[in-house]
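# Structure assessment
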Amino acid sequence: MNPYNIIRKKRDGKKLSADELACIVEGYISGSVPDYQMSAFLMAVLFRGLDFEETAELTRIYLASGEQADFSDIPAQKIDKHSTGGVGDKVSLILAPLVASCGVYVPMISGRGLGHTGGTLDKLESIPGYRTNLTLTEFTKQVREIGVAITGQTETLVPADKKIYALRDVTATVESKPLICASIMSKKLAEGIDGLVLDVKVGSGAFTKTVEDALKLAELLVQVGKQHNKKMVALLTNMNQPLGRFVGNALETAEARDFLETGRAAQDLYDVTLALSSWALILSGIAKSYPEAKKILKQKLANGTAYRKFIEMVKAQGGDAKKLEKLEEVHQARYIIEVNSPRSGFVKYIDTELIGMLGVELGAGRKRLEDKIDPAVGFQILKKIGDYTKTGEPLLLIYANDKAKGEEIRDKIRCAYTISNTRQKAPDTIFYIVNEKGRTRWEEE
Ligand code: URA
């Protein structure tokens, strides 16, 4: 079997066999398929798509590329959460210890920044010492001992996703539902979980821009999970503006820390985190209803149990908890630059993908495989959709280490905001819930 012929076949819109998919993926991991052929293959998939059978097969091939955790001897439920990617999305950092503090085991394998979106691993690595490359033995030991671990793909833990994920990040081949599905579900299936809560983002900062497209992705993910007998729930959540108040690795980690410590956060971040965490508790059986789940979660935030679990996890993975307490000082950007509103009015629209892309430009993400992240840089979002601004008032702050770059971004980022004369309704945070029974409009219980 020849990789050239496989690329050509997909380029021409033909269906690939399991052997052909395995040939290209395994060849890429072993090094016999070079980056340029894999990039061409990914682009062919992005344009031509994969049907359900091919997507499920690709997921299995990714999964089989490495080791898998086995927690079947633990009588309690193992539940995880994953997002399809957003801007300012630090929910995993909060949810994992919060849900674990309620007695659910949370074995989480996450990813780095992808395209214009941020990554949980890059955020956690802003904590000095925090290790995101646990071996399978270290990962399972930690989950057994403290109930939670957040680690990344490695050479032995879903290596296919580790390598292909990094390549997709820099080849504009992220926005493909089958590739997103194989990437997410292989990581999640390798964790040895009983159930999964998915945060499928929709809007200008998501990979799926319309509700219909996001629903299709949610259904695909749920279907693949069901094939592997996992309990599955997906929430469609709003990514038409950055989630919470900060974008950037250390800035977001500090925001997550503050949420866990005080129980308070920006409303959209609070609502999305509580909704996803509630579903994790429901899937685990710890809560029988949504209101009951929310009540338990609020207690764990209020009495400090969730924050203590976060610190326990950080320490277990080598992170310096003292430095986490003053992360803003550890990673202090040299320049803070205001972006002022050109006019008075109400914020109507925020081009969230543009904000994410400018974050990458600033150094919060990668443009090339070998790029290093700058943990200190990012944005503080001062005005969100519906907020009123006066002319000259700051809409956001840029945290930069390179003055010229920061000023260049200030000029570009103004275009991300649309200000209107008319009052804007506060946007909905959650649109739909999807499970094996189908899609239902979200109504807070
Ligand atoms: N998260 C992942 O892990 N993979 C994707 O492709 C997108 C989001």
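Check the entry above for the structure.
All of the points below concern the structure found in this document. The shown structure was predicted, so the numbers you read here are calculated from the model rather than taken from an experiment.

## Considerations on the overall build of the protein chain
- Within the protein chain one finds 18 helices and 14 strands.
- Relative to the globule expectation of 22 Å for 445 residues, the C-alpha radius of gyration of the protein chain, 21 Å, shows essentially globular dimensions.
- The principal-axis extent of the C-alpha atoms belonging to the protein chain is close to 65 × 50 × 45 Å.
- With 445 residues in all, the protein chain has 59% of them scored as buried.
- For the protein chain, contacts bridging at least 24 residues in sequence account for 77% of all contacts bridging at least 6.
- Accessible surface, the protein chain: about 17400 Å² in total, of which carbon and sulfur atoms supply 49%.

## What to know about helix H9 (residues 177-189)
- Between its first and last C-alpha atoms H9 spans 17 Å; for 13 residues at 1.5 Å apiece the expected length is 18 Å, and the two agree.
- H9 sits mainly inside the fold: 12 of its 13 residues count as buried.
- Regarding H9, the residues found buried are Pro 178, Leu 179, Ile 180, Cys 181, Ala 182, Ser 183, Ile 184, Met 185, Ser 186, Lys 187, Lys 188 and Leu 189.

## Some thoughts on the pairing of strand S14 (residues 438-441)
- Sheet analysis places strand S13 (residues 430-435) next to S14, joined by 4 bridges and oriented antiparallel. Note on S14: the bridge partner recorded for Ile 433 is Thr 440.
- The antiparallel hairpin formed by S13 and S14 contains 2 residues in its connecting segment.

## A few points about the layout of surface pockets
- Considered as a void within the structure, the largest pocket measures approximately 520 Å³ in volume.
- In this structure, the largest pocket is lined by 27 residues; those nearest its centre are Arg 112, Asp 122, Lys 162, Arg 366 and Leu 369.
- Broken down by secondary-structure element, the contributors of at least two residues to the lining of the largest pocket are helix H6 (120-124) and helix H8 (159-170).
- Tallying contributions element by element places H8 first for the lining of the largest pocket, with 7 residues.
- For the lining of the largest pocket, the residue count by class is 9 nonpolar, 7 polar and 11 charged.
- Both domains that furnish three or more residues to the lining of the largest pocket are identified here as domain 2 (79-326 + 429-441) and domain 3 (332-420).
- Together, 18 residues line the second largest pocket, and Gln 241, Gln 267, Asp 268, Lys 384 and Pro 427 are the ones closest to its centre.
- Counting residues per element, the lining of the second largest pocket draws most heavily on helix H12 (residues 267-284), at 3 residues.
- Per-class residue counts for the lining of the second largest pocket are 6 nonpolar, 6 polar and 6 charged.
- Of the domains in this structure, domain 2 (79-326 + 429-441) and domain 3 (332-420) are the two that each give at least three residues to the lining of the second largest pocket.

## Concerning unusual backbone geometry
- Phi at Val 158 takes a positive value of approximately 40 degrees, unusual for a residue other than glycine.
- Tracing the chain through its elements places Val 158 in the loop between strand S3 (148-152) and H8.
- The phi dihedral of Asn 229 falls on the positive side, at around 60 degrees, and the residue is not glycine.
- If you trace the backbone, Asn 229 turns up in the loop between helix H10 (211-227) and strand S5 (231-238).
- Relative accessible area serves as the criterion here: at 70%, Asn 229 is assigned to the exposed category.

## Description of the pattern of salt bridges
- Counted under the stated rule, the structure contains 39 salt bridges.
- Lys 412 serves as the salt-bridge partner of Glu 408, at 3.4 Å between the closest nitrogen and oxygen. Placement of the pair is Glu 408 and Lys 412 together in helix H18 (residues 403-413), with a separation of 4 residues, close to one helical turn.
- Assessed through its relative accessible area of 37%, Lys 412 is described here as partly exposed.
- Three or more residues are tied together by salt bridges with common partners; here these are Arg 112, Asp 122, Glu 125 and Arg 366.

## Considering the side chain of Lys 123
- Along the chain, the position of Lys 123 falls in helix H6.
- Looking at Lys 123, the relative accessible area reads 1%, which means it is buried.
- A polar contact is formed between the side chain of Lys 123 and the side chain of Glu 252, at a distance of 2.8 Å.
- Excluding its chain neighbours within four sequence positions, the residues that come into contact with Lys 123 are Asp 89, Lys 90, Leu 93, Gly 118, Asn 249, Glu 252 and Thr 253.

Cut-offs applied
- Residues numbered from 1 in each chain as written.
- Predicted model: local features only at pLDDT ≥ 70, side-chain atom pairs only at ≥ 80, totals over all residues.
- Heavy atoms only, no water.
- Helix = DSSP H or I, 4+ residues; strand = E, 2+ residues; numbered from the N terminus.
- Rg over C-alpha atoms; globule rule 2.2 N^0.38 Å.
- Buried < 20%, exposed > 50% of the residue type's maximum accessible area, 1.4 Å probe, protein only.
- Contact = heavy atoms within 4.5 Å.
- Areas by Shrake-Rupley, 256 points an atom, 1.4 Å probe, with all protein chains shown as cover.
- Expected span 1.5 Å × (residues − 1).
- Pairing = 2+ DSSP bridges.
- 1 Å grid on protein atoms, 1.4 Å probe; cavity = no way out; pocket = protein on both sides within 12 Å on 5 of 7 lines; lining within 4 Å.
- Points joined across faces, edges and corners; volume = space filled by probe spheres on them.
- Nonpolar A, V, L, I, M, F, W, Y, C, P; charged D, E, K, R; others polar.
- Domains from an automatic or database assignment.
- Salt bridge = Lys/Arg side-chain N within 4 Å of Asp/Glu carboxyl O.
- Polar contact = N/O pair within 3.5 Å; in protein donor to acceptor, adjacent residues only side chain to side chain.

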